[in-house]
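What the coordinates show
The primary structure of each chain is shown beneath.
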Amino acid sequence: MKPMFASALSLALLSSAVAARLPTNLEPFKTGHVCVGRAEIQVRGKADDKLGQMAQDTLTKLAASLKLNESGESYTACPAWLSFHAESGNDADGKLVYASTLSLVTPKVQAKALGNLKDETFDYDGDFEYVTLWSETGYNTAATLDNLSFKLRADLVAQMGDFSADWKKAH
């Protein structure tokens, strides 16, 4: 993936302007139009490659079960990107607290062509404008990094289950 897309995608996943679960926003897309994006995990402000790879493998496997496009290379190559992002840090008691988000985003140019979107809030990252079409966020705590790994995988599976249900409603 291009570095610009990775940073734009990170901002998209952290955006406060999200579409939440809007199955109608999924209607214009076919399976080949939705690409599997990146899974990124931040632990105490730093990327965790091991957790990121676990999440990427899980995301790719679950997206394949929906026959989504796995070969997206740039944000202009696919109309929409499904990605997972999680951030964690310590609370006052030393427990890991985290937020995890599964999002489907599309470039602003693509979103303007879709007349039936329910959320038309656009976000901007320098050269990249996008809209979040669908998202789901979960918050939780974990006692250890191993427990965090287990919980993040469970969250991703649950969020993909919700995406799958909404996808099937719209198709």
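Before going into details, it helps to say that this report is about the structure given with it. (Residues numbered from 1 in each chain as written. Predicted model: local features only at pLDDT ≥ 70, side-chain atom pairs only at ≥ 80, totals over all residues. Heavy atoms only, no water.)

**Digging into unusual backbone geometry**
What counts here: Going along the chain from the N terminus, every DSSP run of H or I of four or more residues is numbered as a helix, and every run of E of two or more is numbered as a strand. Burial classes follow relative accessibility: with a 1.4 Å probe on protein chains only, a residue under 20% of its type's maximum area counts as buried, one over 50% as exposed, and anything between as partly exposed.
The backbone of Arg44 shows a phi angle near 50°, a positive value even though the residue is not glycine. Looking at the secondary structure, you find Arg44 in the loop between β1 (34-43) and β2 (46-47). Its identity as a non-glycine residue notwithstanding, Lys67 has a phi of 65°, on the positive side. Summarising the element assignment, Lys67 is placed in the loop between α2 (49-65) and β3 (80-90). Exposure remark for Lys67: the relative accessible area of 64% places this residue in the exposed category.

**Some details on the packing of α2 against helix α4 (residues 145-170)**
Using the following cut-off: Every axis in this analysis is a line fitted to C-alpha atoms, fitted for helices over the stretch in contact. Angles between the N-to-C directions lie between 0 and 180 degrees. Roughly parallel means an angle under 35 degrees; roughly antiparallel means over 145; roughly perpendicular covers 65 to 115; every other angle is labelled oblique. Helix crossings fall into two classes, left-handed where the near helix is turned counterclockwise from the far one by less than a right angle and right-handed where it is turned clockwise. Note on contacts: a residue pair qualifies if any of its non-hydrogen atoms lie within 4.5 Å across the two residues.
Orientation of α2 relative to α4, taken along the N-to-C sense of each, is 25°, at an axis distance of 10 Å. Put simply, α2 runs roughly parallel to α4. Seen along the crossing, α2 lies across α4 with a hand that is right-handed. Along the contact surface, α2 presents Leu51, Met54, Ala55, Thr58, Leu59, Leu62 and Ala63, while α4 presents Leu148, Ser149, Leu152, Arg153, Leu156, Val157 and Met160.

**What about the side chain of Asp155?**
Rule in force here: Under the counting rule used here, the positive set is Lys and Arg, the negative set is Asp and Glu, and His together with the chain ends is not counted. A pairing counts as a salt bridge when a side-chain nitrogen of Lys or Arg comes within 4 Å of a carboxyl oxygen of Asp or Glu. Polar contacts here mean pairs of N or O atoms no more than 3.5 Å apart (in protein, one a potential hydrogen donor and the other a potential acceptor; neighbouring residues in sequence count only if both atoms are side-chain atoms).
Turning to its location among the elements, Asp155 is positioned in helix α4. Buried within the structure, Asp155 lacks any salt-bridge partner; its nearest side chain of opposite charge belongs to Lys151, at an N-O separation of 8.1 Å. Side chain to side chain, Asp155 and Tyr98 meet in a polar contact 2.9 Å long. One polar contact links Asp155 to Ser100, side chain to side chain, over a distance of 3.2 Å.

**A word on the pairing of β3**
Note the cut-off: By definition, two strands form a pair when at least two bridges between them are found by DSSP.
Burial runs high along β3: 9 of the 11 residues are buried. The pairing of β1 with β3 spans 8 bridges and is classified as parallel. Counterpart to Val43 in the pairing with β3 is Ser88. As judged from the 10 bridges shared by β3 and strand β4 (residues 96-107), these two strands associate in the antiparallel manner. The partner of Ala86 across the bridge, within β4, is Ser100. Between β3 and the antiparallel strand that follows it, β4, lie 5 residues; Gly94 among them carries a positive phi value of about 90°.

**Describing α2**
Note the threshold: To estimate the expected span of a helix, count its residues, drop one, and scale the result by 1.5 Å.
A rise of 1.5 Å per residue sets the reference length of α2, with its 17 residues, at 24 Å; its end C-alpha atoms lie 24 Å apart and thus fit the reference within 8%. Those residues of α2 not exposed but buried are Leu51, Gly52, Met54, Ala55, Gln56, Thr58, Leu59 and Ala63. Of the surrounding secondary structure, the elements contacted by the buried residues of α2 are β1, β3, β4 and α4. A distance of 3.2 Å separates the backbone nitrogen of Lys50 from a side-chain oxygen at the start of α2, and that oxygen is part of Asp48. Lys67 occupies a position one or two residues after α2 and carries a positive phi of about 65°.

**Description of the side chain of Thr106**
Turning to its location among the elements, Thr106 is positioned in strand β4. On the basis of relative accessibility, which here comes to 0%, the residue Thr106 falls in the buried class. A distance of 2.3 Å separates a polar atom in the side chain of Thr106 from the backbone oxygen of Pro79.

All quantities given are derived from atomic positions and should not be read as evidence of function.
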